[in-house]
Amino acid sequence: MRFRHERIDARPPCGRLSWCLTTDLTGNGRPDVVVGAQGRYPVVDAGGRELKLRLLPGVDRLLPRFETNLFWYENPGWERHTLATERDLELDVGAALHDVDGDGRLDLLVGQGHDHTDVYWYRQPEDPRDPWEQHLLTDSFRKYHDLAVGDVDDDGEPEVVGLSQEAEAVFYYDVPDDPTVEPWPDSHCHVVDEGHRVEGVHVGDVDGDGETELVAGTNIYHRNGDGWRRETVVEGWDDVRVAVADLDGDGEDEIVLAEGDSPIYGTHPAQLAWFDGPDWTPHLLRDDLYCPHSLQIGDVTGNGHPDIYVAEMGLRENDDPVHLLFENRGDGEFEEHVVARGIPTHEAKLVDMDGDGRLDVVGKSYGPAHHVDVWYNEAD
């Protein structure tokens, strides 16, 4: 298994890169790369010592004036375009692409981070290279680690799902007839659960009962009349990334969890496992990872079975971050391969970047170093 690394951008215009998404914005058949950032995290070398500029008096207020938090890279060539020019954005991982206004073009949904209350959607213009128009969706919660779009209530229309960590809420919004109303009406908001601080989200029928469930962290929410019933997949796990697929070919979905922030923000080295319903029996793949905040499922090897990809962060503590692929041999058997090592990534995605029919990897670091990267799948 062979992957070739390419650095898309060695100097992005912002610190703390939060997320990356891919979609074909230009219509040339190649996925472009959209990146959002928290910012305010530059570190410089001062005589061999790290100097965190944001900690200097007054600098934290000045930094947003010189940073661009929303931008995208045009494939091929990787020309960088500014998506929006608003300042004081401090975007968390929560982001999703969806045609909010029904004009046939994908729009961007983003959520703010620590101590911030806003979720915005950005309308894509006819020429995506022009500035995208910002609209406030909600300011009712605080810190949005994950956003997703899906038909949560099976009414035939997609909803916007959010996980608010600081408000400890799982919620979704019906899209109003006029989505440019600011904010969206409270009557369109539905709170699924409160009192649980979670991350990692999936919308889909995970138990095969014909109804849509909402996976949020290590919980599955099932509709129960006018309310929701919470089922726990596993106890004792830290904050997780979530992926869902039929891994063992039995026609039913399994849930994959990776403790994306452990051990630096957790209680132990990170675990990676897949869970088989209906009792969610765990199948542990690793229990010694460092912040594997990238978790994706796709047929990377081309053998017809969905593989599991994870990759570690750096965060100044992990000098040898590794990207791992668990090749699915069928019947729930996996073989571990190293895709790359030595380059940290965060929220990386599996996508065919060059049109050769093979899934590649595109991602970006979180910090302190900032870069955007592609690993091209050159397997025979």
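To keep things clear, this report deals only with the structure shown in the data block. In every chain, residue numbers begin from 1 and rise along the written sequence. At least 70 in pLDDT is required for a residue's local features to be given in this predicted model, at least 80 for side-chain atom pairs to be given and counted, and no such filter applies to totals for whole chains, interfaces and linings, which use all residues. No hydrogens and no water enter the side-chain calculation; it runs on all heavy atoms of the structure.

### A word on the environment of His222
The helix and strand labels rest on DSSP assignments: H or I over at least four residues marks a helix, E over at least two residues marks a strand, and numbering proceeds from the N terminus. With respect to the helices and strands, His222 occurs in strand β18 (residues 219–224). In the structure, His222 is positioned 86 residues away from Ile308 in sequence and 26 Å away in space, judged by C-alpha atoms. With near-sequence residues (within four places) excluded, His222 lies in contact with Asp207, Glu213, Gly227, Trp228, Arg229 and Glu231. Between N or O atoms, a polar contact is any pair within 3.5 Å; within protein, one atom must be a potential hydrogen donor and the other a potential acceptor, and residues adjacent in sequence are included only when both atoms are from side chains. Separated by 3.3 Å, the side chains of His222 and Asp207 make a polar contact. The contact criterion used is simple: two residues touch if any of their non-hydrogen atoms lie within 4.5 Å.

### Digging into the nonpolar core
In summary, soluble globular proteins display a tendency toward joint burial of nonpolar side chains. For the purposes of this section, nonpolar cores are sets of buried Ala, Val, Leu, Ile, Met, Phe, Trp, Tyr and Cys residues that join through side-chain atoms within 4.5 Å. Throughout, exposure labels follow a simple rule: accessible area from a 1.4 Å probe, protein chains only, divided by the maximum for the residue type, with under 20% read as buried, over 50% as exposed, and the rest as partly exposed. By size, the foremost hydrophobic cluster in this structure holds 17 residues, and its most contacted members are Trp19, Leu70, Leu83, Leu108, Val110 and Tyr122. Of all the elements in the fold, those that place two or more residues in this core are β2 (17–23), β6 (70–74), β7 (79–84), β8 (91–98), β9 (107–112) and β10 (119–123). Every residue in contact with Leu70, bar those within four places of it in the chain, is listed here: Trp19, Val35, Gly36, Thr82, Leu83, Ala84, Leu89, Leu91, Leu108, Val110 and Tyr122.

### Section: a negative patch on the surface
A contiguous patch of negative charge, built from Asp207, Asp209, Glu211, Asp250 and Glu252, is present on the exposed surface. Here Asp250 shows up in the loop between β20 (241–245) and β21 (254–258). Any residue with relative accessible area above 30% and no salt bridge may belong to a patch, with like charges joined within 9 Å and the nonpolar Val, Leu, Ile, Met, Phe, Trp and Tyr side chains within 5 Å. Residue burial considers only the protein chains on display, and all accessible areas are found by Shrake-Rupley using a 1.4 Å probe. Here, a salt bridge means any side-chain nitrogen of Lys or Arg that lies within 4 Å of a carboxyl oxygen of Asp or Glu. In this tally Asp and Glu are treated as negative and Lys and Arg as positive; neither His nor the chain ends contributes. By convention, the charge on Lys lies at NZ, on Arg at CZ, on Asp at CG and on Glu at CD.

### Structural notes on the packing of aromatic side chains
Ring pairs are drawn from Phe, Tyr and Trp, using the six-membered ring of Trp, whenever the two centres fall within 6.5 Å, and their geometry is named by plane angle: stacked under 30 degrees, edge-to-face over 60, tilted for the rest. Under the criterion given, the structure shown has nine aromatic pairs. Note on Phe141 and Phe171: the rings are 4.2 Å apart at their centroids and 10 degrees apart in plane angle, and the pair reads as stacked. With Phe141 in the loop between β11 (133–138) and β12 (144–150) and Phe171 in strand β14 (residues 169–174), this pair connects stretches of sequence that are 30 residues apart. Looking at Phe141, the relative accessible area reads 10%, which means it is buried. For Phe171, a relative accessible area of 2% gives the class buried. On the basis of an interplanar angle of 90 degrees and a centroid distance of 5.9 Å, the ring pair of Phe171 and Tyr173 is categorised as edge-to-face. Both residues of the pair, Phe171 and Tyr173, count as buried. Taken together, the ring pairs connect Phe141, Tyr144, Phe171, Tyr173 and Trp184 into an aromatic cluster.

### Remarks on the pairing of strand β27 (residues 333–341)
By definition, two strands form a pair when at least two bridges between them are found by DSSP. Pairing between strand β26 (residues 322–330) and β27: eight bridges, direction antiparallel. Its bridge partner being in β27, Leu324 is matched across the sheet by Val338.

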